[in-house]
Amino acid sequence: MSETAEHSAAEEVWVRVPALLCRERTIQSALDAIAGDIARIVPYTHADLCLFDTPGWVVSHEVGISTYWSERRTRLDCSPVRDVLTGALPYMLTDNAMNDPRQTFDGACCEPIYRHELRSRVHVPLYGMGRVIGTFNISHHEANRYASTTLELATRLSGLLAPAFQALHIDASLCRMQRTRAETQAREEGLRRGSLQLTQTLEQERQRIGMDLHDQTLAELTRLLREVDGSDLPLSREMLVERLANCIDDLRGIIETASPKLLDLFGFTHAVRDHLERAAESDGLQVDITDTTEGAPDQLPSTVRTALYRIVQEAINNAARHARAGRIWVNVMRNFGGALWITVRDDGCGLDRGNYREHSRSCGLDHMRTRARLIAAELDVFDEAGTCVSITLSSPDVAGRT
């Protein structure tokens, strides 16, 4: 094709794309409708729109190749294009993203880059009403495929696409808000029931502790008193010491079950590490915990900190018992918005391939969700090369205290 013919074909695309977008009612159908025209301008293996969703999260719509980027939301912190989304960079152009630390940093959701060998990539911002609303991304499996001319074309395309996709995104958000309204009452009822269930469980736990004290410690002390006071053959000093030591051990076990004493003595990170190491002893796991917040959980009110510990504790137990994992690691950090963000990850069989799905319907996960709601935290459980439990505490009256 001659240069004149190529120019004419490109101009047809610039005219046709807006008309095609006006006919569609969803972001994905609109992107599908113009996929061929985008390829005429910039050949690609994979193209997608990454749009801001709820605070701290982005959602993707893609053509060319289907990846998990479009199957679930991605945290802004973990997005390979976070620097463009946040304005840290005006654009990104890379010859080989598989070796680009801007996109394959520690914790990045970059598995599709490696799986589909998305080497050449160009990312430009989408603007709406004077602010970045997302990014337009084009990728090719060949390295060194894109140059500055590609960046110019992608930038022009983003300006053409942004208004239509912003309108479609707003429409989708309004529909979601309407559904959310209908679901709010159900969630509140679920919270009420969950709180009631948690209260009942705590009451059962108090009753269990009372029975343990009565049937175990009190009974042993009563027998010991009877033997010391009325026996014709009084106990030897060694036997008395041994019996009292056993009572103390029993009582200590009951107390430590009822209250995570390590939290108060040594802090959140130490308590979690201790629980991880005990899980490793029984299951032969590799475990690790990292806290980059300088002990932020220990600045929280004690009830909030204890709830977070119980959630993390349950997540560790699930990974150790149900995920068939070889490694569990916990990260305590802050996201871009300053919220406290705790993740419990494992390299096990994941949600769909193991027993976790069945277990997630049990009281354990129900209590995790209830505890999270009661402290205004967001709890997510999803597959990510295993299973990841994510807890985000962004409530300013608890997460922001120092």
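Residues numbered from 1 in each chain as written. Predicted model: local features only at pLDDT ≥ 70, side-chain atom pairs only at ≥ 80, totals over all residues. Heavy atoms only, no water.

What should I look at first to understand the overall build of the chain in this one?
Helix and strand counts for the chain stand at 13 helices and eleven strands. The buried share among the 402 residues of the chain stands at 45%. Put simply, 61% of the contacts in the chain that link residues at least 6 apart link residues at least 24 apart. For the chain, the accessible surface area stands at approximately 21,200 Å², while carbon and sulfur atoms represent 52% of it. (Helix = DSSP H or I, 4+ residues; strand = E, 2+ residues; numbered from the N terminus. Buried < 20%, exposed > 50% of the residue type's maximum accessible area, 1.4 Å probe, protein only. Contact = heavy atoms within 4.5 Å. Areas by Shrake-Rupley, 256 points an atom, 1.4 Å probe, with all protein chains shown as cover.)

Just to check I follow, could you spell out the sheet that holds strand β8 (residues 327–334) for this structure?
What links the strands of a sheet is backbone hydrogen bonding, and the strands pair in either a parallel or an antiparallel sense. Spatially, β7-β8-β9-β11-β10 is the arrangement adopted by the five strands of the open sheet, whose pairing is mixed. Each edge of the open sheet carries a strand with a single partner, namely β7 (286–291) and β10 (377–383). Within this sheet the neighbouring strands show an average axis-to-axis angle of 10°, counted without direction. Looking at chain direction, β7 and β8 are connected through six bridges and run parallel. Looking at β8, one finds that Val287 is bridged to Ile328. In the packing of helix α9 (residues 302–322) onto the sheet, the strands contacted are β8, β9 (340–346), β10 and β11 (387–393), and the crossing angle to β9 comes to about 15°. (Pairing = 2+ DSSP bridges. Axes fitted to C-alpha atoms, helices over the stretch in contact; angles between N-to-C directions.)

Would you take a moment to explain the sheet that holds strand β1 (residues 46–52) for this structure?
Strand order across the open sheet formed by six strands is β3-β2-β1-β6-β5-β4, with antiparallel pairing between neighbours. Each edge of the open sheet is held by one strand with a lone partner, namely β3 (74–75) and β4 (92–94). Judged from the two bridges that link them, strand β2 (residues 57–63) and β3 form a sheet pairing that is antiparallel. Across the sheet, residue Trp57 finds its bridge partner in β3, namely Arg75.

Which parts of the structure should I look at to understand the pattern of salt bridges?
Pairing between side chains becomes possible if they bear opposite charge and their charged atoms approach one another. Within the structure shown, the criterion is met by eight salt bridges. Between Glu378 and Arg73 there is a salt bridge, with the nearest N and O atoms lying 3.5 Å from each other. One end of the pair, Glu378, is in strand β10; the other, Arg73, is in the loop between β2 and β3, and 305 residues separate them in sequence. Given the relative accessible area of 26%, Arg73 is considered partly exposed. Note that Arg102 and Asp100 form a salt bridge whose closest N and O atoms lie 2.8 Å from each other. Among the residues examined, Arg102 registers a relative accessible area of 29% and is labelled partly exposed. Three or more residues are tied together by salt bridges with common partners; here these are Asp53, Arg73 and Glu378. (Salt bridge = Lys/Arg side-chain N within 4 Å of Asp/Glu carboxyl O.)

Sorry, what's going on with empty space enclosed by the protein here?
Any space left empty among the atoms is revealed by the rolling of a water-sized probe across them. Scanning the entire structure with this criterion turns up three cavities of 30 Å³ or more. Asp48, Cys50, Val58, Ser60, Trp69, Thr74, Ser79, Pro80, Val81, Arg121 and Asn137 together form the lining of the largest cavity. Looking at the lining of the largest cavity, the elements that each hand over two or more residues are β1 and β2. Of the residues contributing to the lining of the largest cavity, the split by class is five nonpolar, four polar and two charged. (1 Å grid on protein atoms, 1.4 Å probe; cavity = no way out; pocket = protein on both sides within 12 Å on 5 of 7 lines; lining within 4 Å. Points joined across faces, edges and corners; volume = space filled by probe spheres on them. Nonpolar A, V, L, I, M, F, W, Y, C, P; charged D, E, K, R; others polar.)

What exactly am I supposed to notice about helix α2 (residues 27–41) here?
Owing to its 3.6 residues per turn, the α-helix aligns residues three or four sequence positions apart on the same side. Along its 15 residues, α2 runs 20 Å from first to last C-alpha, staying within 8% of the 21 Å computed at 1.5 Å per residue. At Ala35, α2 shows its maximal bend, which comes to roughly 45°. (Expected span 1.5 Å × (residues − 1). Bend = angle between axes of the 7 residues up to and from the residue.)

Help me understand unusual backbone geometry in this model?
Excluding glycine, residues mostly have negative phi values, and the peptide bonds linking residues are mostly trans. At Glu117, a position not held by glycine, the phi torsion is positive, near 50°. Mapped onto the elements of the fold, Glu117 is located in the loop between α4 (111–115) and β5 (120–128). The class for Glu117 is partly exposed, based on a relative accessible area of 38%. Positive phi values are uncommon outside glycine, yet Glu294 reaches one of about 60°. Position of Glu294 relative to the elements: it lies in the loop between β7 and α9. A relative accessible area of 79% means that Glu294 is categorised as exposed.

Taken by themselves, the reported measurements are silent on function.
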